[in-house]
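Chain and residue survey
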Amino acid sequence: MSHAIETRNLTQKFGDLVAVNHVNLRIEKGELFGLLGPNGAGKTTFIHMLCTILPPTEGTAKVAGFDIRRNQDSVRAAIGIVFQDPSLDNRLTGRENLDFHGRVYGMDKIQREKRIDEVLKLVGLKERANALVETYSSGMKRRLEIARGLMHRPKIMFLDEPTLGLDPQTRRNIWEHIQMLNKREKITILLTTHYMDEADYLCDRVGIIDHGRIIALDKPEKLKDELEGDIVSLEVPQPKKYAEVFRGVKYVKEVKVVGDQLHLTVTGGEKTIPKLMEIVRRRGNKVRSVGLRSPTLEDVFISYTGRGIREEEGGVKEQMRLRMRAHMR
Ligand SMILES: Nc1ncnc2c1ncn2[C@@H]1O[C@H](COP(=O)(O)OP(=O)(O)OP(=O)(O)O)[C@@H](O)[C@H]1O
Ligand SMILES: [Mg+2]
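Here's what I pulled together on the structure shown here. Bear in mind the structure is a predicted one, so any value in this text is a computation, not a measurement.

Within the protein, the secondary structure is distributed over 12 helices and 14 strands. Principal axes of the C-alpha set define a box for the protein whose edges measure 75 × 45 × 40 Å. Of all 329 residues assigned to the protein, the portion counted as buried reaches 49%. Residue pairs at least 24 apart in sequence account for 69% of intrachain contacts in the protein once pairs closer than 6 positions are excluded. Approximately 16700 Å² of the protein is accessible, and the part contributed by carbon and sulfur atoms is 51%. In the protein, 56 side chains carry a positive charge and 46 a negative one; their mean positions are 3 Å apart.

Here it is, written out as structure tokens:
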């Protein structure tokens, strides 16, 4: 079976810096795949190579079955891109931005008009289509960029940080559109993000990238389960006694007594809670309260790298970065 995307030792060097380091990755048709990693991990560079914007220093890839080195035109015809940095013409209307893109892709007037209406509808921008883009909110601009990427009916979409810098509500709205494209329009999606919740919520599979290497790759649930670290807290009478009881239970990995609570490290916390409660009930006691803390993808990243994904960043710094970008434009 051919894959939507298949990379072989894909590598990009900038002088001594290896931005993408021998990546071998296969993405299935129809997948919603997320590349998750901190600033400078190599996400954008990876995407730029797949989109034929940047030739690889080493290795190659097939996108929609076409080699990125030898069949650039075929690759470009099969893909849509939403760049990390905004790239709309603010002095044109939404419709004009889309029309321009359609022309670049050689669509005739009738095709363009039909397709513009379709993509505007897909991203919910029909009403504002004839307004200047400079009057759009940031979420509307992002949706217009997605619409533009869809104009030539790509089978694969690349979304580079689709919700960077957007407020939580707008991010949710973009997520819904991304899901709709994937599930209803059957478009394979490769997105990059450094938001844990985004990767976790949206993606079928996540590749964690750090210093140009994919260091972990799986479904978000699997990645988190591999930590074998759901923490169930139980408030029970005689916690010390129950600590001993639970130490003899196979699926309980660790038991800690914290005040009048027990903290149990288990795999698949949700499934084990009823079993744990049943053990207490059979011994004639009641669980007074129960809590569950799941590991997040942040925990996964930490477990692989020994540091947090946003350690050297922080909210303030990110805002500065965004503002500086806006000034530089
Ligand atoms: N044109 C370039 N010349 C030199 N170095 C570059 C160039 N483009 C990227 N780099 C470097 O390559 C590394 C990877 O950059 P890249 O933009 O791919 O990271 P990223 O994961 O997209 O980061 P971010 O989350 O900030 O967007 C960084 O160290 C960056 O400074
Ligand atoms: Mg980037």
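Moving on, there is more to tell.
Okay, the sheet that holds strand β13 (residues 261-266) next. Through backbone hydrogen bonds, the strands of a sheet pair up, either in parallel or in antiparallel fashion. The 4 strands lie next to each other as β12-β13-β11-β14, forming an open sheet whose pairing is antiparallel. Single-partner strands in this sheet number two, and they are β12 (252-258) and β14 (289-293). For this sheet, the mean angle separating the axes of adjacent strands, direction not counted, is 20°. Inspection of the sheet shows strand β11 (residues 230-235) paired to β14 by 5 bridges, in the antiparallel sense. Paired with E235 across the strands is S289, a residue of β14.

Donor atoms from the polypeptide that coordinate the magnesium ion (ligand 2) comprise T44 (OG1) and Q84 (OE1), at 1.9 to 2.1 Å from the metal. Of this pair, T44 sits in helix α1 (residues 43-50) while Q84 sits in the loop between β6 (79-82) and α3 (94-104); the two residues are 40 residues apart in sequence, bridging distant segments of the chain.

The next subject is the site of ligand 1. Not every one of the 14 residues close to ligand 1 is listed here, only the nearest: G40, K43, T44, T45 and Q84. T45 is positioned such that a nitrogen or oxygen atom in its side chain is 2.5 Å from an oxygen atom of ligand 1. Contact distances for ligand 1 include 3.5 Å between an oxygen atom and a side-chain N or O atom of E161. Protein contact buries 63% of the 640 Å² of open area that ligand 1 shows by itself. The set of elements that each furnish at least two residues to the shell around ligand 1 consists of β2 (17-27) and α1. With 3 residues, α1 is the largest single contributor of residues to the shell around ligand 1.

How each quantity is defined
Residues numbered from 1 in each chain as written. Chains lettered and ligands numbered in written order. Predicted model: local features only at pLDDT ≥ 70, side-chain atom pairs only at ≥ 80, totals over all residues. Heavy atoms only, no water. Helix = DSSP H or I, 4+ residues; strand = E, 2+ residues; numbered from the N terminus. Buried < 20%, exposed > 50% of the residue type's maximum accessible area, 1.4 Å probe, protein only. Contact = heavy atoms within 4.5 Å. Areas by Shrake-Rupley, 256 points an atom, 1.4 Å probe, with all protein chains shown as cover. Lys, Arg positive; Asp, Glu negative; His and termini not counted. Charge placed at Lys NZ, Arg CZ, Asp CG, Glu CD. Pairing = 2+ DSSP bridges. Axes fitted to C-alpha atoms, helices over the stretch in contact; angles between N-to-C directions. Donors = N, O, S within 2.8 Å, 3.2 Å for Na, K, Ca; no water. Near = heavy atom within 4 Å. Polar contact = N/O pair within 3.5 Å; in protein donor to acceptor, adjacent residues only side chain to side chain.

So far we have only geometry, and geometry alone does not tell us how the molecule works.
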